Amino acid sequence: MKIETQCLHAGYTPKNGEPRVVPIVQSTTYCFDSTEHIAQLFDMPTEFMYSRFANPTVDAVEKKIAALEGGVGAMCTSSGQAASLLSILNLCNAGDSFIAASTIYGGTINLFAVTLKKLGIECIFVNADASEEELEQAFRQNTRAVFGETLANPALAVLDIEKFARFAHRHNVPLIVDNTFATPILCRPFEFGADIIVHSTTKYMDGHAVQGGGVIVDAGKFDWANGNFPDFVEPDESYHGVSYTKEFGAMAYIIKARMQLMRDFGCYPAANSAFLLNLGLETLPVRMKQYCENANYVAKFLETHKKVASVNYPGLSGNKYHALAQKYLPNGCSGVISFSIKGGRKNAVLFMDHLELASNVVHVADIRTCVLHPASATHRQLTEEQLVAAGIDGGMIRLSVGLENKDDIIADLEKGFSFVE
Ligand SMILES: *Cc1c(COP(=O)(O)O)cnc(C)c1O
């Protein structure tokens, strides 16, 4: 099946007389006719037992997303943050480290740099544009993973996935890619060597700003028995002595994540949330195409506007990441643009407060056009100096282009510009 067809049909095939649409199984609990049957399930979880870590509605969505990314399995989580957290905890113990591109989402930076550090796991940040030599210098004996974003939020840096994968594999560790902004419609990181994919499904996948969620997808190709990951090979005493590589083969990573981490943390989505996510996924190809078209149009409009100092959108031919975008995002660079208005913070705020169609929200990748002022919101804790280092100036606006008519979006932006000198 091609990806448009998978978005509609993968993950759920009703049998005779069953509902056409994935049903919402709003039950924490599943019935069995014998103690012996339940005992067997604890040995080999082939049926649903308890909705803290598996549920039929969520399962259908997991199978669909695994198909879209070309992986062997997926596990949904209750947020994107939970997906990033578990993707690392499945590989690193206290005393281990991992490498991440410094352009990743601010929430992920905080999780990696502050919270994981308290758990004894160190994140070593590298420039997303680092050369292979610079990457080599960051690597340590205890490094167990490499992490980056296909299209970084909000820096819009395009990750050279093949380079990062080559580097990770040279050291026998996996590459994890956060594919939130691209979605599998615009980029399929497994095809470029990534081993694990995470998403905040809160963004384009859901698309309608109705519920938060995340997902981890496993390519099923990494050799966990290479000596660096004894937890995958040696018996897990917390789970009747199972060896994940021996029992589950290519599914070792994703089953370990579910049977150890989801079992213990329980950050699993509700069936109703998965149902809504599935609705979003059904129209994802149509929406992504239009986001790309609208954002391209708006980026070109901003590029020539006399009140705009600079525009950052990898789809523009003058952009620093344009060549990488042509390789990794040949069908479009998604819907988020960042631009700086002339006159700094004062004008950015004036402009944004006079927009009517575009809403001022702490969200991105919504079906409706929305804006955010990083200097007063997501990056508020930074000093003016740190803002400069992060490439964020007071005049910078993150614009998430929605699916309204392009001309209405432009008219709204023009209205905002008319209030600034
Ligand atoms: C929003 C976001 C996250 C975090 O996801 P939540 O669903 O908000 O927890 C992670 N990565 C990227 C790229 C994001 O944009």
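Scroll up a little and you will see the structure.
Cut-offs used in this document
Throughout this description, residue numbers start from 1 for each chain and increase along the sequence as written. It should be noted that, the model being predicted, local features are given only for residues of pLDDT at least 70 and side-chain atom pairs only at 80 or more, the latter also being counted only at that level, while totals for whole chains, interfaces and linings use all residues. Side-chain measures were taken over the full set of non-hydrogen atoms in the model, leaving aside hydrogen atoms and water. A pair of strands counts as paired when DSSP detects no fewer than two bridges linking them. In this description a helix means any DSSP run of H or I spanning at least four residues, a strand means any run of E spanning at least two, and both kinds are numbered starting from the N terminus. Here the term right-handed applies to a crossover when the path leading from its first strand over the helix to its second strand runs clockwise, the strands being oriented away from the viewer. In this analysis, two residues are considered to be in contact whenever any of their non-hydrogen atoms come within 4.5 Å of each other. In these notes, residues near a molecule or strand are those with any non-hydrogen atom within 4 Å of it. Polar contact is defined as a pair of N or O atoms within 3.5 Å, subject to the rule that within protein one atom must be able to donate a hydrogen and the other to accept it, and that residues adjacent in sequence are counted only when both atoms are side-chain atoms. In these tables, accessible area is a Shrake-Rupley quantity obtained with a 1.4 Å probe, and a residue counts as shielded only by the protein chains included in the view. Three categories are distinguished: nonpolar for Ala, Val, Leu, Ile, Met, Phe, Trp, Tyr, Cys and Pro, charged for Asp, Glu, Lys and Arg, and polar for the others, with Gly belonging to the last. Under the scheme applied here, a residue whose accessible area is under 20% of the maximum for its type counts as buried, over 50% as exposed, and between as partly exposed, the area being computed with a 1.4 Å probe on protein chains only. Aromatic rings from Phe, Tyr and Trp, taking only the six-membered ring of Trp, are treated as a pair when their centres fall within 6.5 Å; an angle between ring planes under 30 degrees marks them as stacked, one over 60 as edge-to-face, and anything in between as tilted.

Caption draft 1: Local environment of the pairing of strand S3 (residues 122-126). Where strand S2 (residues 97-101) lies against S3, five bridges are found, and the strand directions are parallel. By the bridge assignment, Phe-98 is partnered in S3 with Cys-123. Since S2 and S3 lie parallel, the crossover through helix H5 (residues 106-118) that links them has a hand, and here it is right-handed.

Caption draft 2: A look at the side chain of Gln-6. Within the element layout of this structure, Gln-6 appears in helix H1 (residues 3-9). Every residue in contact with Gln-6, bar those within four places of it in the chain, is listed here: Met-1, Lys-64, Ala-67, Leu-68 and Arg-188.

Caption draft 3: Seen up close, the sheet that holds strand S9 (residues 336-341). In space, the five strands of this open sheet follow the order S8-S9-S12-S11-S10, with mixed pairing throughout. Where the open sheet ends on each side, the last strands, each with one partner, are strand S8 (308-312) and strand S10 (359-360).

Caption draft 4: View of the site of the ligand. Within the structure, the ligand sits among 14 residues, and Asn-153, Asp-178, Ser-200, Thr-202 and Lys-203 are positioned closest to it. In the model, an oxygen atom of the ligand is placed 2.8 Å from a nitrogen or oxygen of the Ser-200 side chain. Within the complex, the protein chains bury 90% of what would otherwise be the 380 Å² of accessible surface of the ligand. Residue composition of the shell around the ligand, by class: two nonpolar, nine polar and three charged.

Caption draft 5: Main features of unusual backbone geometry. In this model, Asn-153 is joined to Pro-154 through a cis peptide bond whose omega is 5°. Here Pro-154 shows up in the loop between strand S4 (143-149) and helix H7 (161-170). One non-glycine residue, Thr-183, lies in the positive phi region at around 60°. Phi angles above zero are rare outside glycine, and Ala-365 is one such case at about 65°. Residue position: Ala-365 is located in the loop between S10 and strand S11 (370-372). Look at Ala-365 and you get buried, because its relative accessible area is 0%.

Caption draft 6: Representation of the side chain of Thr-183. Structurally, Thr-183 can be placed in helix H8 (residues 183-186). Judged by its relative accessible area of 0%, Thr-183 is buried. Contacts of Thr-183, omitting those with residues within four sequence positions, involve His-199, Tyr-204, Leu-284 and Met-288.

Caption draft 7: Just the packing of aromatic side chains, in detail. Inspection of every chain in the model, using the stated rule, returns 19 aromatic pairs. Centre to centre, the rings of Trp-224 and Tyr-253 are 5.4 Å apart; their planes meet at 20°, and the pair counts as stacked. You can see Trp-224 sitting in the loop between strand S7 (214-218) and helix H9 (230-233) and its partner Tyr-253 sitting in helix H11 (residues 252-265), a full 29 residues away along the chain. Taking relative accessible area as the criterion, Trp-224 reaches 3% and is therefore assigned buried. An angle of 20° between the planes, with centres 6.3 Å apart, marks the rings of Phe-232 and Tyr-253 as stacked. A residue pair is termed long-range when its members are at least 10 positions apart, and Phe-232 in helix H9 and Tyr-253 in helix H11 qualify at 21 residues. Since its relative accessible area comes to 1%, Phe-232 is described here as buried.

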